[in-house]
Amino acid sequence: MNPIFLANPVHTLEDLARGILTAAYGPKDAADRPVPTNLDALADLLRETQVKRVVVAVWRVEGSSTSKMRAVFEDEGVELAA
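Bear in mind that the values here come from a model prediction, so they are computed numbers and not experimental data. (Residues numbered from 1 in each chain as written. Predicted model: local features only at pLDDT ≥ 70, side-chain atom pairs only at ≥ 80, totals over all residues. Heavy atoms only, no water.)

Draft legend 1. Fine view of the overall build of the chain. When you go through the chain residue by residue, the secondary structure sums to three helices and three strands. When its helices and strands are written in sequence order, the chain yields β-α-α-β-α-β. Compactness check: the chain gives a C-alpha radius of gyration of 11 Å against a globular reference of 12 Å for 82 residues, within 12% of the reference. C-alpha atoms of the chain, sized along the principal axes, occupy 30 × 25 × 20 Å. Expressed as a percentage of its 82 residues, the buried residues of the chain come to 35%. A separation threshold of at least 6 residues defines the contact pool for the chain, and within that pool the share at least 24 residues apart is 66%. Computing the positive centroid from 9 side-chain charges and the negative centroid from 12, the chain places the two 4 Å apart. (Helix = DSSP H or I, 4+ residues; strand = E, 2+ residues; numbered from the N terminus. Rg over C-alpha atoms; globule rule 2.2 N^0.38 Å. Buried < 20%, exposed > 50% of the residue type's maximum accessible area, 1.4 Å probe, protein only. Contact = heavy atoms within 4.5 Å. Lys, Arg positive; Asp, Glu negative; His and termini not counted. Charge placed at Lys NZ, Arg CZ, Asp CG, Glu CD.)

What follows is the structure, given as structure tokens:
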């Protein structure tokens, strides 16, 4: 899959996951899918979409959440540019 570019600000895991879902499946199909709300579900989403790179234009995630999300991306072999 081509890289995913997220222009909307990402404040939470849910923002990130919703952006990936929308980019991978389109707005209509993404609305029918549950938005991941934990790190395990985020990992599942990354495997499901087979994305290799996610670029986030406005990263606003604070604290330890950033390092935890980055660890999931690293574990799945997906580059996160934020």
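Next comes the rest of the account.
Draft legend 2. Layout of helix α1 (residues 13–31). With 19 residues, α1 ought to run about 27 Å at 1.5 Å a step, yet its terminal C-alpha atoms sit only 17 Å apart, falling short of that. Tyr 25 marks where α1 bends most, by close to 115°; the proline Pro 27 follows one to four residues later. Along α1, the residues classified as buried are Leu 13, Leu 16, Ala 17, Gly 19, Ile 20, Leu 21, Gly 26 and Ala 30. (Expected span 1.5 Å × (residues − 1). Bend = angle between axes of the 7 residues up to and from the residue.)

Draft legend 3. Representation of the packing of aromatic side chains in the model. Enumeration according to the criterion identifies zero aromatic pairs in this entry. A cation over an aromatic ring shows up here: Arg 33 above the ring of Tyr 25, its NZ or CZ 3.7 Å from the ring centre. Over the face of the ring belonging to Trp 59 we find Arg 70, whose NZ or CZ atom lies 6.0 Å from the ring centre. (Phe/Tyr/Trp six-rings, centres within 6.5 Å; stacked < 30°, edge-to-face > 60°. Lys NZ or Arg CZ within 6 Å of the ring centre and 35° of its normal.)

Draft legend 4. Focus on the pairing of strand β2 (residues 53–56). Direction of pairing for strand β1 (residues 4–6) relative to β2: parallel, over a ladder of three bridges. Looking across to β2, one finds that Leu 6 is bridged to Val 56. At this point the chain moves from β2, through helix α3 (residues 64–75), to the parallel strand β3 (residues 79–81), and the crossover so formed is right-handed. (Pairing = 2+ DSSP bridges. Right-handed = clockwise from strand over helix to strand, strands pointing away.)

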